[in-house]
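In case you want the letters, here they are:
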Amino acid sequence: MALLTPYSKVPELNTATVLLVENEEELQSKLANALVQYEKDFNVNVRLARKLPLPVENKETRPRIDLIVFLVNLLSERSLQSVESSLAHLHSDCFLGKVCFLVTDARCGSHTQERLVSVRKLAAAHQCPVLCAEHRTVDGVNAAAVRLLNILKVSAGMSPIATTALYLSSLTRCSVTSDLEED
Amino acid sequence: MDTQATSVLNRIIRRIPNKNIENLLKKWSCLSADQLRALDYTRPKWMIVEHVISFCEENRLNLKHITTLEMIYHIENPDQGTWHACQLAEAQGKSVLFTHFIFKEQFKAHLHGVIRHISIKMKKHEDEAIWIRIAWGDNFSKPNHLKPTYVVHHLHTSYVFISNLMAKHKIFLCPALVIATKHGSIKDGHLSTRSLTAMRDLPLRRYQQVFPNAHSRIPQERNTLSSHPCIGKEHGDHEEMRHQMSCEAFGHSPSPKLETAVYSLETRYRGKGNQTLSDRKEFFRGVVRFSSSSLLDSLRHCVASGMAEGPVTPLLSAITQRGRNYFVITDKGPGVSSQASAQRP
């Protein structure tokens, strides 16, 4: 099974690439535009996918991926299931600071709370951060893009202070508190 | 003018917004230019109705003229009420001179011969469609103009679209249509919508169809947002393929505006869980109903966005392929769990 590995390609100069994985393909295009427009200091490439594994045909042309973001819509059960099955296609090296979860609609109803707990448990098991975003307004999308860019900068090694992705992820990783565990 | 005429006129004028009344009256051309100028469309409706009635009485107009007005109104606004499609079958050798004139004469002659009191009005529209308005009476009472039936037939096609027909009049209308169009029989088309344009476009294939093609893909009207050079799509090919598949099944937008599709099930229950239901010999009758403000657009979006997996099931693509929206699904043979089949009325 071909796994997506983080270090198999050479990085490009002054460029960072982020892969947005979303089952519904709605938020990712808006987020991609915001990401590309906001960052002025370096080039941002965005790849959009529905799920992993990525098509083999694109392997040669695909640049090195610095950050993989899984967009989960908490209103849909299928979204979470698709992310869980995609995780199996990632090399374990990716989880050292190169994977991040972004959830939307975390405040809309009771099923979303249960799914948010499952996402957080999943993220804690893989030592990745979870971001909550509001995707229905332009401001919400821009705010999510700015946060992602901050993480991307570190993952791609662009941060001026010598912060590595591994160091950042150990600070930002999701933790599941004991009262959530007892659910 | 008698009471029936005034009530028909009243009903027409009340239904239209004030700004459209002027155009309608101009098309009608039964009121003089001075009278049209004298009408003030900013007044409340009841005043406009009274003015128009007084002008009609001045010009000595009668029920015939009012029904012409109603017909013009329906031709301009065809998407009202519920229309049903019927299909003519067994076309007999048509004479070379089959024109709308012959159709008209034969249709009227047949119906007048069968019912004593009936009022028929026919009008040929520019796109080869004949509009017929029928007010039914019977052997003893005058025609009722408050519940007319409208029939639209496109010459040289085998479809007839009918609105507001009562069951007891169907036995008169159907033979008249069959004889007048020189066919052998007429059967139910299993298609009903509120919009006449959709009803006409779907079976006559007047929408933008997409045919299977190995090479060129139709351009998608995706948001132009994703044309930034730094944004790349991993599954771009899959997306295009899904889009192509959905447009082949349901047509390119804009597609005919159907509101519902109904599948009547006469199959046996095949679930594993429920003992009492699956052992029965008789059918598990159910009805599956899809509703939407524009059904074909919704189905196309479901397939194109990947919510429904392709290839498109023939049960859904039969809506466009066969031009109907009512299906009866029966069990046929072992192994094949369901197959769409036509139902004779």
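The structure presented is a predicted model; accordingly, all values stated were derived computationally and were not measured. (Residues numbered from 1 in each chain as written. Chains lettered and ligands numbered in written order. Predicted model: local features only at pLDDT ≥ 70, side-chain atom pairs only at ≥ 80, totals over all residues. Heavy atoms only, no water.)

Draft legend 1. Focus on the overall build of chain A. When its secondary structure is counted, chain A shows 6 helices and 5 strands. Secondary structure elements of chain A, listed N to C terminal, follow the sequence β-α-β-β-α-β-α-β-α-α-α. Over its C-alpha trace chain A gives a radius of gyration of 16 Å, about what one expects of a compact globule, namely 16 Å for 183 residues. Dimensions of chain A, computed from C-alpha atoms along their principal axes, come out at roughly 45 × 35 × 35 Å. Counting the 183 residues in chain A, one finds 53% classified as buried. Within chain A, contacts between residues separated by at least 24 positions form 78% of all contacts whose residues are at least 6 apart in sequence. Of the charged side chains in chain A, 19 are positive and 21 negative, and the gap between their average positions amounts to 4 Å. (Helix = DSSP H or I, 4+ residues; strand = E, 2+ residues; numbered from the N terminus. Rg over C-alpha atoms; globule rule 2.2 N^0.38 Å. Buried < 20%, exposed > 50% of the residue type's maximum accessible area, 1.4 Å probe, protein only. Contact = heavy atoms within 4.5 Å. Lys, Arg positive; Asp, Glu negative; His and termini not counted. Charge placed at Lys NZ, Arg CZ, Asp CG, Glu CD.)

Draft legend 2. Representation of the pattern of salt bridges within the structure. Scanning the entire structure with this criterion turns up 16 salt bridges over all chains. Arg-64 of chain A is the partner of Asp-66 of chain A in a salt bridge, and the nearest nitrogen-oxygen pair spans 3.7 Å. With a closest N to O distance of 3.2 Å, Asp-201 of chain B and Arg-200 of chain B form a salt bridge. Residue class for Arg-200 of chain B comes out buried when judged on its relative accessible area of 19%. (Salt bridge = Lys/Arg side-chain N within 4 Å of Asp/Glu carboxyl O.)

Draft legend 3. Fine view of helix α2 (residues 77-87) of chain A. All names here are of chain A. Burial in α2 covers these residues: Ser-79, Leu-80, Ser-82, Val-83, Ser-86 and Leu-87. Projected down its long axis, α2 shows its buried positions confined to an angular sector of 160°, all on one face. For α2, the elements touching its buried residues are β3 (67-73), β4 (99-104) and α3 (110-126). Put simply, Ser-76 is the residue that caps the front of α2, since its side-chain oxygen is 3.3 Å from the backbone nitrogen of Arg-78. (Arc of directions from axis to C-beta. Polar contact = N/O pair within 3.5 Å; in protein donor to acceptor, adjacent residues only side chain to side chain.)

Draft legend 4. Representation of the packing of helix α11 (residues 295-304) of chain B against helix α12 (residues 314-322) of chain B in the model. All names here are of chain B. It is at 12 Å that the axes of α11 and α12 come closest, and there the two elements cross at 140°. Considering their axes alone, α11 and α12 lie oblique with respect to each other. Handedness of the α11/α12 crossing: left-handed. In contact with Leu-295, Leu-296 and Leu-299 of α11, α12 contributes Leu-316, Ile-319 and Thr-320. (Axes fitted to C-alpha atoms, helices over the stretch in contact; angles between N-to-C directions. Parallel < 35°, antiparallel > 145°, perpendicular 65-115°, else oblique. Left-handed = near helix turned anticlockwise from the far one by under 90°.)

Draft legend 5. Region of interest: helix α6 (residues 100-114) of chain B. All names here are of chain B. Between the first and last C-alpha of α6 there are 21 Å, a value that for 15 residues agrees with the 21 Å anticipated at 1.5 Å per step. Listing the buried residues of α6 in full gives Phe-103, Phe-107 and Leu-111. One face of α6 carries all of its buried residues, which in axial projection span an arc of 40°. Opposite the buried face of α6, at more than 90 degrees from it, the exposed residues are Phe-101 and Gly-113. (Expected span 1.5 Å × (residues − 1).)

Draft legend 6. A look at the state of the cysteines. For the structure shown, the criterion picks out 0 disulfides over all chains. Of all cysteine sulfurs in the structure, the one in Cys-128 of chain A sits closest to Cys-94 of chain A, which takes part in no disulfide; the separation is 9.6 Å. Since its relative accessible area comes to 1%, Cys-94 of chain A is described here as buried. No disulfide involves Cys-86 of chain B; its sulfur sits 5.8 Å from the nearest other cysteine sulfur, which is in Cys-174 of chain B. (Disulfide = S-S within 2.5 Å.)

Remember that the coordinates give geometry; whether it matters functionally is a separate question.
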